[in-house]
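Structure assessment
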Amino acid sequence: MEETISLKEIFSVLKKRLMLIVLLVVGAILVSAIVSYFIITPTYQASTQFIVNQDTNENNAVDINQIRSNVEIINTYNDIISSKRILDQVVEELDLTISAGALGEKISISSAESSQVVTLSATDADPEVAAEIANTTVQIFQTDLPELMNVNNVNVLTEATVAADPSPVSPKPLLNMAIAVVLALMVGVGLAFLLEYLDNTIKTEEDVENKLELPILGVISHVTEDDIKVTTVPRSSNVRRERGAISGQRKKTV
């Protein structure tokens, strides 16, 4: 027999487990806030840009084919920048305590489609170190490029600088808390329906009809302590009534 569930039953389950869902959401917000503000180390980002220039002909006219060639070669330049040869020199130049592989994870390179401008970004717990990594990487790449590619068509467009009041790019507490709320709601709702599914106790008349497939002949109402106090006659009154009844019987027998 296929079981179906109505919207009313869904809302009833959610209402029944509302406190559980609320506690999970509040707990998730507190945990994400503590982790974001006090446990995760903030990281800062600094970016520098360089441009891959095209060569000009004798008439100082722009060669479209040369521009296309420079755009296509940017992917090769990106691989060179992230190579161990360049990163080892950056580590040595800045006297960093990390390896070239770890430094490569701190660097990201991007460029817009069909653009000759390349952006190199570096992240670090210290904003000044992040700016130094970005600038030094581009400088070493620009110096080694003529030897590696036999060309010299890279010029620095903007250098990485440190703002007066830098803001970390990670973590993002508000975003983390929003994600925590969504996850907590999903877990809370799923847990509410799981608990309801595992609960096979009989509580209502409908449960008797659905699970035992028996008709309801009558219902015994629940009697509270207040109802008992109202309907119960005080013991002293009962004693006086019993004594009066006994004395009346004796008078009749006499």
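In case you missed it, the structure is sitting above this.
How each quantity is defined
- Residues numbered from 1 in each chain as written.
- Predicted model: local features only at pLDDT ≥ 70, side-chain atom pairs only at ≥ 80, totals over all residues.
- Heavy atoms only, no water.
- Core = buried A, V, L, I, M, F, W, Y, C linked by side-chain atoms within 4.5 Å.
- Buried < 20%, exposed > 50% of the residue type's maximum accessible area, 1.4 Å probe, protein only.
- Helix = DSSP H or I, 4+ residues; strand = E, 2+ residues; numbered from the N terminus.
- Contact = heavy atoms within 4.5 Å.
- Salt bridge = Lys/Arg side-chain N within 4 Å of Asp/Glu carboxyl O.
- Pairing = 2+ DSSP bridges.
- Axes fitted to C-alpha atoms, helices over the stretch in contact; angles between N-to-C directions.
- Patch = residues over 30% accessible without salt bridge, like charges linked within 9 Å, V, L, I, M, F, W, Y side chains within 5 Å.
- Areas by Shrake-Rupley, 256 points an atom, 1.4 Å probe, with all protein chains shown as cover.

**Considerations on the nonpolar core**
For soluble globular proteins, the rule of thumb is that nonpolar side chains tend to be buried together. In terms of nonpolar packing, the biggest core is built from 27 residues, with F50, Y77, L103, I107, L120, F141 and V154 touching the most fellow members. Among the elements that make up this core, the one with the highest residue count is helix α6 (residues 127-149) (eight residues). Once residues lying within four places of it in the same chain are set aside, the contact partners of F50 are I81, Q116, V117, V118, V138, F141, V154, N155, V156 and L157. Judged by nonpolar contacts, the second largest core, of five residues, contains V25, A28, A180 and A184.

**With respect to the pattern of salt bridges**
Counted by the stated rule, this structure contains six salt bridges. The salt bridge involving R85 is made with D144; its shortest N-O contact spans 3.5 Å. Of the two residues, R85 is situated in helix α4 (residues 84-94) and D144 in helix α6; the sequence distance between them amounts to 59 residues. With relative accessibility at 9%, the residue D144 sits in the buried group. R85 serves as the salt-bridge partner of E147, at 3.5 Å between the closest nitrogen and oxygen. Residue E147 is found in helix α6, and its partner R85 is found in helix α4; the two are separated by 62 residues along the sequence. Taken together, the shared-partner salt bridges connect K16, R17 and E196 into one network.

**Some words on the sheet that holds strand β2 (residues 107-111)**
Sheet architecture is open: four strands sit in the order β2-β3-β1-β4, paired in antiparallel fashion. Each edge of the sheet is formed by a strand with only one pairing partner; in this case those strands are β2 and β4 (154-158). Geometrically, the sheet is characterised by an average inter-axis angle of 30 degrees between neighbouring strands, direction not taken into account. Summarising the sheet, strand β1 (residues 44-52) and strand β3 (residues 117-124) pair through eight bridges and their orientation is antiparallel. Opposite F50, over in β3, you have V118 as the bridge partner.

**Description of a nonpolar patch on the surface**
Taken together, the side chains of L18, M19, V22, L23, V26, L30, I34, Y37, F38, I39 and I40 present a nonpolar region at the surface, about 1100 Å² in accessible area. Here M19 shows up in helix α2 (residues 18-39). By relative accessible area, which is 57% here, M19 ends up exposed.

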